[in-house]
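Survey of secondary and tertiary structure
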Amino acid sequence: MRVMYIDCSMGAAGDMLSAALLELIPANERDDFVESLNKLGIPGVSVEAEPSVKCGVSGTHIRVRVHGQEEGHTHGHGAHHHEHRGMEEIEHIVNHFEGLSEKVRDDVMNVYKIIADAESKAHGVTVAEVHFHEVGAMDAIADVSAVCMLMDRIGAERVTASPVNVGGGTVKCAHGILPVPAPATAFILEGIPYYSGDIKSELCTPTGAALLNYFVDEYVDMPSMTIETEGHGMGKKDFDTANCVRAIIGTAE
C-alpha cells in the first residue's frame, strides 16, 4: 500500500504543506506543476517555488504574491489591502479554474466548507454570512488548490500524520488578537490530537488545519514503511527548531 506520512511537529500551514508535497513529485516535473498552478486563473496571483534552508535543513518555500504583494509582509489590515470573500464568490472563482478535474475542484470546495463551518461556529453566523479574511484571500486559495492538486497527483492510498503542534501565545487576525489556536482553528481540529509547545507563535493556521482535517486518515507515530522519497516545506518564520512540514511517501503493509 502506498502511504503518506506528514510530520506536523512544527504545525501546518497551506504554503508549507504544498511545498512539502511538491518535493514528493519528481524534480523535473516541479516547474511544470508550478506553471500549471499559475495557469489556473486565480485573480492576481503568481506562485513561485524557491529553495529554502532552516536550521541546516534544505527544502522548498512556496512564495505566493497577490498583485505583486506577499501576504503577511506588505499587506496592511484594512479592507483596501485585505479582501473579504464569501463562499459564493470563492466557489465562483474555483469553478472557473482552467484545466482542473472535477474531483480536485470538489476537493478544493470541500476544504473551504470545513473552514466555513468552523468560522460559522466561531463567530455565531450562518455559513452564508461567513466572510473569509486571512483564509479567504487569494493566496490561501492558491495554497488549498496546490495541495489538492498534489494529493491527487501523488495518489497515496492512505494518509497519516503526527499529532499537530499548534504553537502558543496569541495571533493577530482580522477580528483582533486571539489566543492560539484561534477559535476557528480549534473547531477545525476537533477530534484531531494537537498540543502546544514552547514556541509562542501560531504554527497551525486555519488553512493548514482544514487540509489536514480533509486529507488525513489517521494521526499516529510514523508507520513502518519503505520510504520512496520525502519533502520539506518551509515556513516564513525562523525559530530555534527548523520551521518545516515534512512529508514522506512510501510503501507499507
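Scroll up for the structure.
From a predicted model like this one, the values you see are computed outputs, not experimental measurements.

**Thoughts on the overall build of the chain**
On a plain count of helices and strands, the chain comes out with seven helices and 14 strands. Against the compact-globule benchmark of 18 Å for 253 residues, the chain has a radius of gyration of 17 Å, which places it among compact chains. Counting only C-alpha atoms and orienting by the principal axes, one finds that the chain spans roughly 50 × 40 × 30 Å. Within the chain, the proportion of its 253 residues that are buried is 53%.

**Points about the nonpolar core**
Ranked by internal contacts, the top residues of the largest apolar core, which has 69 residues, are Met4, Ile6, Leu21, Tyr112 and Leu212. For this core, the element with the most residues is helix 5 (residues 138-154), which contributes twelve residues. In contact with isoleucine 6, not counting residues within four places along its chain, are Leu17, Met151, Val159, Thr160, Ala161, Ser162, Leu212, Val216, Val245, Arg246 and Ala247.

**As for the environment of lysine 172**
Here lysine 172 lies in strand 9 (residues 170-173). Separated by ten residues in the primary sequence, lysine 172 and alanine 182 have C-alpha atoms spaced 9.5 Å apart.

**Observations regarding the packing of helix 4 (residues 102-123) against helix 5**
A pair of packed helices is characterised by two quantities: the angle between their axes and the separation of those axes. Running from amino to carboxyl end, helix 4 crosses helix 5 at an angle of 130 degrees, the nearest separation of the two axes being 9 Å. Here helix 4 is positioned oblique relative to helix 5, judged by the angle of their axes. Both helix 4 and helix 5 take part in a crossing whose hand is right-handed. On helix 5, the residues touching Lys103, Val104, Asp107, Val108, Val111 and Tyr112 of helix 4 are Ala140, Ile141, Val144, Ser145, Cys148, Met149 and Asp152. Residues belonging to the contact of helix 4 with helix 5 are distributed by class as follows: nine nonpolar, one polar and three charged.

Calculation criteria
Residues numbered from 1 in each chain as written. Predicted model: local features only at pLDDT ≥ 70, side-chain atom pairs only at ≥ 80, totals over all residues. Heavy atoms only, no water. Helix = DSSP H or I, 4+ residues; strand = E, 2+ residues; numbered from the N terminus. Rg over C-alpha atoms; globule rule 2.2 N^0.38 Å. Buried < 20%, exposed > 50% of the residue type's maximum accessible area, 1.4 Å probe, protein only. Core = buried A, V, L, I, M, F, W, Y, C linked by side-chain atoms within 4.5 Å. Contact = heavy atoms within 4.5 Å. Axes fitted to C-alpha atoms, helices over the stretch in contact; angles between N-to-C directions. Parallel < 35°, antiparallel > 145°, perpendicular 65-115°, else oblique. Left-handed = near helix turned anticlockwise from the far one by under 90°. Nonpolar A, V, L, I, M, F, W, Y, C, P; charged D, E, K, R; others polar.

Taken by themselves, the reported measurements are silent on function.
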